Amino acid sequence: MHYTLKFNPRVIQDLEDEDDLDNVVSHSDDFANVYLVDLPSVEAIEANIPNSQLAFRDPPITFPSSNASCDPIPKTMMLSRGFASRSADTEYIPLESIRFREAILGSGHTFKNAEEFRNAIYQMSLGGRFEYKYKKNSPTHMSVKCSVDGCPWKITAHAVEGNVILRVHTYQVNHNHIAQDECSSKVKVSSKRGAVVVEDVFRTTPDYLPRQICKDFERDHGVQLTYNQAWHLKEMAKERIYGVPRDSYTFLPWLCHRLREINPGTIAEYTSQEGHFMQLFIAHAFSIQGFIMGCRPVLAIDSCHLSGPYKGALLSAIAYDADDGMFPLALGVIDIRESCVVFPSCLGQEIMHIVIDIIAYARLEIDYNEAFEKLVRFNENLAKWVAENNPEHWAMSKFLKKRWDKMTTNIAEAFNAWLREERHQTIYTLLLMHMDKLVAMLDTHMRGTQKWKSVVGPKTEEKLMSNIMRSGPISVLPYLGGTFKVFTGEVYLVVDMNQRTCTCMTWQMSGLPCAHVCAVIRTLRHDVYDYIDPCFHVSMQDLIYSGQFQPLPTHNMPKLCDDGSLRLRGQLLSCFQPPHVRRPPGRPRQRRIESQFCHKRAIHCSRCNGIGHNA
């Protein structure tokens, strides 16, 4: 006896003892695939007989009584442990093909509707590698035969007492020997039915690539698919698992209501125009509470395109926890808005990049003015553009509020990459996956706090240690009133321990003692952790992650009726349609458009050693 696990259906496991039986039960949902293999003798297996000669037979109808012996079955009835590995070099019959051949067990087998029966017929054709045709094809009467003339293969099914349930009536599934080769040479390819084959693998392997589908179909079923066919198979399998993309918008009003209901304090709002989706905003109560309780009042806001069936953009607002970890505060989904920002072409040059960086990151007004004068001399038009584009919003020296040295939206872009796979899903599936993934990340951060070795987190500790190391050669001269004169070897600076300021502005802007302050703390023999902003302390981290987050049950979801309406216990619910604009046909773009500021590797020619072209 052998069995396969749902998450790894290609590996045959031996069913020998109670531990194996426990695996069968615990790792299967509604059913498990168990195989009885009848072998002529153990020597035959050890001699590497091709697997095509092994007889996979139906299990017997009768079962042993309760007082039957539980001793292990003889080794002559078992495949050796090396069977799976050796089978790779022989005529391996994949278990999927074996299971597909038995998709219809015989007369009396029932199916809940005609669609399930059609899927079972298609699986049988893949397993047996033959083509079939319908003599009758209606919801109440189905008759299927082999497409080869003279072949007796035939299955018929009728509706049960006028119901949609079909029951197999005639079951003749043996191809005659004359037509066997001709039957096996034809395999029907159907995108709609083939999605059923891909579905099981796609559930456990979401990154199942079209090229791998092509290889698996050719190896397992003898079917050669084009890349385009495989891609459509994958898309249809996603629809079978996650639902039709158009229908996912119908559930959004109900979903927003349930999010507010299970986690009071959650903000979940949406807008529509003439019954079509426009905007969605969600901020979970846990995130709102954590942000108010302990996060620094600075947000990274960014957007990215959704790769699903309909055009749209995903907006995100990301905060920082006590150790600069990602703490998502809110997300939004909107229908697409085409826009672009055009920079002067000279910005692509390396020197422009450096000068703009100096202007943005300058902490002191004098440093900003010096960098701006260099820019004026280099490119007057660009300097004018910088002055007119509100430097008080992005330049450190001009910004009036404390920003804890946060100058980029890198953490928001990390959020976009974090949801890279989920962005391909329907909007309803995206929101559910985001919720599960968000809770998993928050739980990881919360548990990680227990591993902090000091009152601050590892990232903060690393920055602090770097400042302490750089404070070594700095000399300190005490003045009166808690002030100190600090000499770096080049310039003098003033540190006020009472006001917690340093003339370099780093302590005020970042919340962490700079190298000059660390030198003063060492002179005073004080604890450096006493001079860190409280927002970095472990107590603040505990406050951020102190809330509760209830999961969303979906067992009581409303039903989508044939007329497109949504009903829950007979009550009609509000719903709306997807956006007016739909994504163009074809594969969506996967690679992002690179910024012109990105440092690209120079292309060298191996023939002339020139730059900018290859051989």
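Numbering of residues starts from 1 in every chain and runs along the sequence as written. Note on the predicted model: pLDDT of at least 70 is required for a residue's local features to be given, and 80 or more for side-chain atom pairs to be given and counted; whole-chain, interface and lining totals, by contrast, use all residues. Each side-chain value is derived from all of the structure's non-hydrogen atoms; neither hydrogens nor water enter the calculation.

- As recorded in an unreviewed UniProt entry, the protein chain goes by the name SWIM-type domain-containing protein, listed as coming from Vitis vinifera.

**Some remarks on the side chain of lysine 406**
Right, on to step 1. The way it works is that DSSP assigns letters per residue, a run of H or I at least four long becomes a helix, a run of E at least two long becomes a strand, and they are numbered from the N terminus. By the secondary structure assignment, lysine 406 is in the loop between helix H16 (391-394) and helix H17 (410-418).
Right, on to step 2. For every residue, the accessible area obtained with a 1.4 Å probe (protein chains only) is divided by the maximum for its type, and the residue is called buried under 20%, exposed over 50%, and partly exposed between those limits. Residue lysine 406 is classed as buried on the basis of its relative accessible area, which comes to 15%.
Right, on to step 3. Distance and chemistry together define a polar contact, namely a pair of N or O atoms within 3.5 Å, with one atom able to donate a hydrogen and the other to accept it when in protein, and with adjacent residues in sequence counting only for side-chain atoms on both sides. Reaching out from lysine 406, the side chain makes a polar contact with the side chain of aspartate 324 at a distance of 2.9 Å.
Right, on to step 4. With sequence-adjacent residues up to four places away left out, lysine 406 is seen in contact with Arg296, Val298, Tyr320, Asp324 and Lys463. By definition, residues are in contact when any of their heavy atoms lie within 4.5 Å.

**Description of the pairing of strand E18 (residues 492-496)**
On a regular strand, one side chain projects to one face of the sheet and the next to the other, so that they alternate.
Right, on to step 1. For strand E17 (residues 483-487) and E18, the ladder comprises five bridges, and the chain directions are antiparallel. By the bridge assignment, phenylalanine 484 is partnered in E18 with valine 495.
Right, on to step 2. Where E17 folds back on E18, the antiparallel hairpin that results is connected by four residues, among which glycine 489 adopts a positive phi of roughly 105°.
Right, on to step 3. Joining the antiparallel neighbours E18 and strand E19 (residues 501-502) is a turn of four residues, in which arginine 500 adopts a positive phi near 55°. At least two DSSP bridges between two strands are required for those strands to pair.

**Regarding the sheet that holds strand E21 (residues 566-568)**
Right, on to step 1. Within the open sheet, the three strands sit side by side as E20-E21-E22. Their pairing is antiparallel. Among the strands making up the open sheet, the edge pair consists of strand E20 (559-560) and strand E22 (571-573).
Right, on to step 2. Of the pairings in the sheet, the one linking E20 to E21 comprises two bridges and is antiparallel in character. Within E21, the residue paired with leucine 560 across the bridge is leucine 566.

**Quick word on a nonpolar patch on the surface**
Right, on to step 1. Within this analysis, patches are made of residues with over 30% relative accessible area and no salt bridge. Like charges are joined at 9 Å or less; nonpolar side chains (Val, Leu, Ile, Met, Phe, Trp, Tyr) at 5 Å or less. Every accessible area reported is derived by Shrake-Rupley at a probe size of 1.4 Å, with residue values counting cover from the shown protein chains alone. One side-chain nitrogen of Lys or Arg within 4 Å of one carboxyl oxygen of Asp or Glu is enough to make a salt bridge. On the surface, a nonpolar cluster with roughly 200 Å² of combined accessible area is contributed by Met1, Val34 and Leu36.
Right, on to step 2. In this structure, leucine 36 sits in the loop between strand E3 (33-35) and strand E4 (37-38).

**Some details on the UniProt feature "domain: SWIM-type" (unreviewed entry) in the protein chain**
Right, on to step 1. When the UniProt feature table is mapped onto this chain numbering, "domain: SWIM-type" (unreviewed entry) sits at residues 487-525.
Right, on to step 2. The distance separating the terminal C-alpha atoms of residues 487-525 is 19 Å; by composition the span is 38% helix and 21% strand. UniProt positions are given in the numbering used here, feature names are shortened, and annotations may be inferred rather than shown by experiment.

**A closer look at the pattern of salt bridges**
Right, on to step 1. Under the definition given, this model contains 12 salt bridges.
Right, on to step 2. Across the salt bridge formed by arginine 258 and glutamate 261, the nearest N and O atoms sit 2.4 Å from each other. In this pair, arginine 258 and glutamate 261 are both assigned in helix H11 (residues 252-262), three residues apart and thus about one turn of the helix distant.
Right, on to step 3. Here arginine 258 falls in the buried class, since its relative accessible area comes to 11%.
Right, on to step 4. Salt-bridge contacts for lysine 437 lead to glutamate 422; the nearest nitrogen and oxygen are separated by 3.3 Å. Here lysine 437 is found in helix H18 (residues 427-448), whereas its partner glutamate 422 is found in the loop between H17 and H18, with 15 residues between them in sequence.

**Let's talk about the sheet that holds E18**
Right, on to step 1. Pairing within the open sheet is antiparallel, and its four strands lie in the order E16-E17-E18-E19. Only two strands of the sheet have a single partner each, and these edge strands are strand E16 (475-478) and E19.

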